[in-house]
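Here's the letter readout for the chains.
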Amino acid sequence: MHVNHARAVLGVPWNASVSEVKAAYKQKAFESHPDRFPSAFKDRAETRFKLVTEAYQFLITGNRLGSYDMGRSATVAVARKGNKGHHIAASLPFVFLIAGTLVLGGSCAARAYRRQQHDSLSHNPFLP
């Protein structure tokens, strides 16, 4: 898809801002949504709706491929690439929480076991 074609589909001027492109997309998407047409015209409306969506994605993402799926996967890949080290920093408090729980639980269990051994005459817990 070409930039001029995408702008013509949405009906926006060449110097339109992002908010103007979004507003034009919402209007055109509403006008061409397939659920608003009788069943005889749904195929044509669906084609028009896909064209409007593709033009909007092209103008918003600047994607030269003109495909919605390709633009989305490229955006997700950039987002994942940019946030490489943050997931480790975000999970660090949970690691400390789990490790502290294990250490505290283990020390309480050991103390209870020593108290039980001290209180009973026999070291075998199964004997009276």
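The structure this text deals with has already been given above.
This one's a predicted model, so the numbers in the text were calculated from it and none came from an experiment. Each residue is numbered by its place in its chain's sequence as written, counting from 1. Per-residue local features of the predicted model are confined to residues with pLDDT of at least 70, and side-chain atom pairs are confined, for both listing and counting, to 80 or more; whole-chain, interface and lining totals are unaffected and use all residues. Values reported for side chains reflect all heavy atoms of the structure, with hydrogen atoms and water molecules removed beforehand.

Draft legend 1. Geometry of the overall build of the protein chain. Check the secondary structure of the protein chain and you find 5 helices and 0 strands. For the protein chain, the α and β elements follow one another from N to C terminus as α-α-α-α-α. A simple rule labels every residue: compare its accessible area, found with a 1.4 Å probe on the protein chains alone, to the largest value its type can have, and call it buried under 20%, exposed over 50%, or partly exposed in between. Counting only residues that meet the buried cut, the protein chain has 18% of its 128 residues in that class. Accessible surface area values rest on a Shrake-Rupley calculation with a 1.4 Å probe, where residue burial reflects the displayed protein chains alone. Accessible surface, the protein chain as shown: approximately 10200 Å² in total, 63% of it carbon and sulfur. By the criteria applied, helices consist of DSSP H or I runs no shorter than four residues and strands consist of E runs no shorter than two, each listed in order from the N terminus.

Draft legend 2. Structural context of helix 1 (residues 3-10). Within helix 1 the residues assigned to the buried category are Ala 6, Arg 7, Val 9 and Leu 10. Within helix 1, the buried residues cover an arc of 160° as seen down the axis, which keeps them to one side. Facing away from the buried surface of helix 1 by more than 90 degrees, the exposed residues are Asn 4 and Ala 8. Looking at the residues trailing helix 1, positive phi occurs at Gly 11, about 75°. The arc under discussion is defined with respect to the helix axis, by the directions toward the C-beta atoms.

Draft legend 3. How the structure looks around the nonpolar core. Throughout this description, the term nonpolar core refers to a set of buried Ala, Val, Leu, Ile, Met, Phe, Trp, Tyr and Cys residues connected via side-chain atoms within 4.5 Å. Ranked by internal contacts, the top residues of the largest apolar core, which has 14 residues, are Leu 10, Val 12, Val 21, Tyr 25 and Leu 59. Top element by residues in this core is helix 3 (residues 42-61). It accounts for 5 residues. Here a residue-residue contact requires only that any non-hydrogen atoms of the pair lie within 4.5 Å. With near-sequence residues (within four places) excluded, Tyr 25 lies in contact with Leu 10, Val 52, Thr 53 and Tyr 56.

Draft legend 4. The packing of aromatic side chains, seen in detail. Pairing of aromatic rings covers Phe, Tyr and Trp, the last through its six-membered ring, and needs centres within 6.5 Å; plane angles under 30 degrees mean stacked, over 60 mean edge-to-face, and all others mean tilted. Under the defined criterion, the tally for this structure stands at 1 aromatic pair. Relative to Tyr 56, the ring of Tyr 25 has its centre 4.1 Å away and its plane inclined at 15°; by these criteria the two rings are stacked. Of this pair, Tyr 25 sits in helix 2 (residues 18-32) while Tyr 56 sits in helix 3, and the two are 31 residues apart along the sequence. Judged by relative accessible area, Tyr 25 falls into the buried class, the value being 19%. Look at Tyr 56 and you get buried, because its relative accessible area is 13%.

Draft legend 5. Up close: the side chain of Arg 7. Residue position: Arg 7 is located in helix 1. The charge count includes Lys and Arg as positive and Asp and Glu as negative, but it does not include His or the ends of the chains. Note on definitions: salt bridges are taken to be side-chain nitrogens of Lys or Arg within 4 Å of carboxyl oxygens of Asp or Glu. Look at Arg 7: it is buried, it has no salt bridge, and the nearest opposite charge is Glu 20 at 7.7 Å. Non-local contacts of Arg 7, meaning those with residues more than four positions away in its chain, are made with Val 12, Pro 13, Trp 14, Ala 16 and Leu 59.

Limitation: the analysis is restricted to geometry and does not speak to function.
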